[in-house]
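Chain by chain, the residues run as shown.
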Amino acid sequence: MFKLGNNLENERFSDKTIEEITRATLEMAKVKTGALMVISRDHDLSQYIETGIRLDARITSQLIVNIFEKNTPLHDGAVIIDENRVVAATCYLPLSDSSSLSKDLGTRHRAGLGISEVSDCIVVIVSEETGSISIAKEGKLIRYADASILKNELIKAQDKEEVKPRRFLKGRGRNEKDVNETKDVSDK
C-alpha cells in the first residue's frame with residue numbers, strides 16, 4: 001500500500017515545493033496550459049495513483065510545466081503530489097456531480113472538485129480556455145486565484161506544527177535580587 005504522510009520536518013511539503021508549484025502554475029496560466037494538480041494531505045490516494053503513471057520525481061516547476069505541455073504523453077489527467085514528490089501523472093479522478101458548479105467549467109474543474117469532496121487534498125487547477133487559476137478544497141472551489149491566494153492556501157495545507165519561540169533567560173538584571181538575598185531581618 002502506498003501511504004501518504006508527513007515528513008520528518010513536521011510539514012507535508014517544503015516551502016521550496018510551494019514556490020515550485022506556484023511558479024509552474026503562474027507560467028501555465030500565462031500561456032493557458034490546462035493543469036490539474038492534487039496535493040495530498042492525510043487521506044490515502046493510492047486508488048487514484050494506481051490509475052496513472054508512477055513517476056516519483058522531485059518537484060520542480062520545469063517538470064510540472066513539461067508534464068502538462070499539450071500533445072505530450074502525460075498531459076491528460078491529474079498529477080498527484082505527496083510531500084516533495086510528483087508521485088504519478090495522468091491520474092483519473094472522480095467527477096463532482098455538484099449542481100452548483102458553473103456550466104462554463106469543464107471536466108478538469110469537475111475532477112478537481114470531485115477529489116476534494118472525497119478526500120482532504122488541495123487541488124490546483126489551471127483553465128486551458130481562460131488561463132484562470134482555481135483551487136479546490138473541502139468540496140469548495142476558489143476561482144480566479146492569484147499568486148498570493150495560491151501561496152496562502154498551500155501554506156495552510158502544509159500543516160506545520162506551530163513552533164513557539166523559545167525565551168532565553170539571561171542572567172539577572174542589575175536591579176534584580178536573588179530571592180535568597182531578600183530575607184526579612186525579623187526572621188533572625
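Everything quoted here is computed from the prediction, not taken from an experiment.

Q: When you look at the sheet that holds strand β1 (residues 35-39) in this model, what are you seeing that I'm missing?
A: In any sheet, the strands associate via hydrogen bonds between backbone groups, in a parallel or an antiparallel arrangement. The mixed open sheet is built from 7 strands, whose spatial order is β2-β4-β3-β1-β5-β6-β7. One side of each edge strand has no neighbouring strand; the edge strands of this open sheet are β2 (53-58) and β7 (140-142). Each strand axis lies, on average, 20 degrees off the axis of its neighbour in the sheet, ignoring direction.

Q: I'm lost on the side chain of glutamine 158 in this one. Help?
A: By secondary structure assignment, the location of glutamine 158 is in helix α5 (residues 147-158). The class for glutamine 158 is buried, based on a relative accessible area of 1%.

Q: Could you clarify how one ought to interpret the pairing of strand β5 (residues 122-126) in this entry?
A: Successive residues of a regular strand alternate their side chains across the two faces of the sheet. A large share of β5 lies buried, amounting to 5 of its 5 residues. By the alternation rule, side chains of β5 split into Ile122, Val124 and Val126 and Val123 and Ile125, which are all buried. Note: β1 against β5, 5 bridges, orientation antiparallel. Bridge assignment links alanine 35 to a residue of β5, and that residue is valine 126. For β5 and strand β6 (residues 133-137), the ladder comprises 5 bridges, and the chain directions are antiparallel. Pairing of valine 126 across the sheet is with isoleucine 133, part of β6. Hairpin connection between β5 and β6: a loop of 6 residues separates the two successive antiparallel strands, and glycine 131 in this loop has a positive phi of roughly 80 degrees.

What counts as what
Residues numbered from 1 in each chain as written. Predicted model: local features only at pLDDT ≥ 70, side-chain atom pairs only at ≥ 80, totals over all residues. Heavy atoms only, no water. Pairing = 2+ DSSP bridges. Helix = DSSP H or I, 4+ residues; strand = E, 2+ residues; numbered from the N terminus. Axes fitted to C-alpha atoms, helices over the stretch in contact; angles between N-to-C directions. Buried < 20%, exposed > 50% of the residue type's maximum accessible area, 1.4 Å probe, protein only.

That is the geometry; function is a separate question.
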